Amino acid sequence: IRMILMGPPGAGKGTQAPWIKEKYSCCHLATGDMLRAQVAAKTQLGREAKKIMDQGGLVSDDIMVEMIKSELDSNKECKNGFILDGFPRTTAQAEKLDEMLQAKSQNLKHAIELQIKDDLLVARITGRLIHPSSGRTYHKQFNPPKKDMTDDVTGEPLIQRSDDNEDALKKRLVTYHKQTAPVSDYYRKTGIWSGVDASKQPGEVWKSLLGIFEQDQ
Ligand code: AP5
Ligand code: ZN
């Protein structure tokens, strides 16, 4: 499969993507995770990106396009297809992605948008816990780990993202509505767009996704 998973912060992109990855044995490229890896590695890019992420802004289109291009070219898991999570986030990125795929004679099968109202996102974001090295995601109430603040698989500590507070979320939502909502219109014009109600339980959202995939021959 080759697809984009869209939706506002906390919509459930990082929750659903691993299930899609398992179903299709493709790669899951999450640009936010890639940037956080740069932050953890204390690279120059990581230092610059952290400031932008904590303020809810966007890292430059050129950097993000290059990051996706090099992963698609080199990551062996992507040979079977890909799920893009958090990219494209501007129409400029969407246009560049089209060019990139055209050059490879590939096309996108789906652009799926996880749709949810802003007021449900505060609780999801402020309660989120992550296991940094694997990207596994939990929630203090909605999906608690078996043992307090500890990853179920490795037993390592869970952390909160530095942009997961109400203040930064407000800014991320402003950025989303201004710069990323137009990407939805971009794909609605193409015929590959589908919307899913992301306010339901994770398992219900997954069923809706399966419903979309079932229509592929
Ligand atoms: P990124 O990491 O992509 O953050 P985001 O888009 O804000 O999305 P989130 O990761 O917050 O939400 P999600 O949809 O993955 O939710 P999740 O499944 O974890 O980007 C971070 C930053 O990097 C950006 O702000 C930007 O600065 C920069 N960046 C990234 N890509 C860029 C690009 N292309 N261009 C420029 N800049 C870029 O779920 C959230 C919580 O809710 C979890 O705790 C989960 O357990 C829970 N949950 C999930 N589903 C449900 C459900 N159905 N019911 C109840 N709880 C649920
Ligand atoms: Zn995410």
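A brief report on the enclosed structure follows. These figures come from a predicted structure and were not determined experimentally. (Residues numbered from 1 in each chain as written. Chains lettered and ligands numbered in written order. Predicted model: local features only at pLDDT ≥ 70, side-chain atom pairs only at ≥ 80, totals over all residues. Heavy atoms only, no water.)

**Digging into the site of ligand 1**
Then comes step 1: In the neighbourhood of ligand 1, 33 residues make up the surrounding shell, with Thr15, Gly57, Arg89, Arg128 and Lys200 lying closest.
Then comes step 2: Within the backbone of Gly12, an N or O atom sits 3.0 Å from an oxygen atom of ligand 1.
Then comes step 3: Between ligand 1 and Thr15, the relevant distance is 2.6 Å, taken from an oxygen atom to a side-chain nitrogen or oxygen of the residue.
Then comes step 4: Contact with the protein chains hides 95% of the accessible area of ligand 1, taken as 1,100 Å² for the molecule alone.
Then comes step 5: At the level of elements, α1 (13-24), α2 (31-40), α6 (121-126) and β6 (136-139) are the ones that each hand at least two residues to the shell around ligand 1.
Then comes step 6: Among the elements that make up the shell around ligand 1, the one with the highest residue count is α2 (4 residues). (Near = heavy atom within 4 Å. Polar contact = N/O pair within 3.5 Å; in protein donor to acceptor, adjacent residues only side chain to side chain. Areas by Shrake-Rupley, 256 points an atom, 1.4 Å probe, with all protein chains shown as cover. Helix = DSSP H or I, 4+ residues; strand = E, 2+ residues; numbered from the N terminus.)

**Comments concerning the packing of α2 against helix α4 (residues 61-74)**
Then comes step 1: In the contact formed by α2 and α4, the axes pass within 11 Å of each other and the chain directions differ by 100°. Here α4 runs roughly perpendicular to α2, going by the angle between their axes. Counting all contacts with α2, which are made through Thr31, Met34, Leu35 and Gln38, the residues of α4 involved are Met64, Met67, Ile68 and Glu71.
Then comes step 2: Residues of the contact of α2 with α4, tallied by class, amount to 5 nonpolar, 2 polar and 1 charged. (Axes fitted to C-alpha atoms, helices over the stretch in contact; angles between N-to-C directions. Parallel < 35°, antiparallel > 145°, perpendicular 65-115°, else oblique. Contact = heavy atoms within 4.5 Å. Nonpolar A, V, L, I, M, F, W, Y, C, P; charged D, E, K, R; others polar.)

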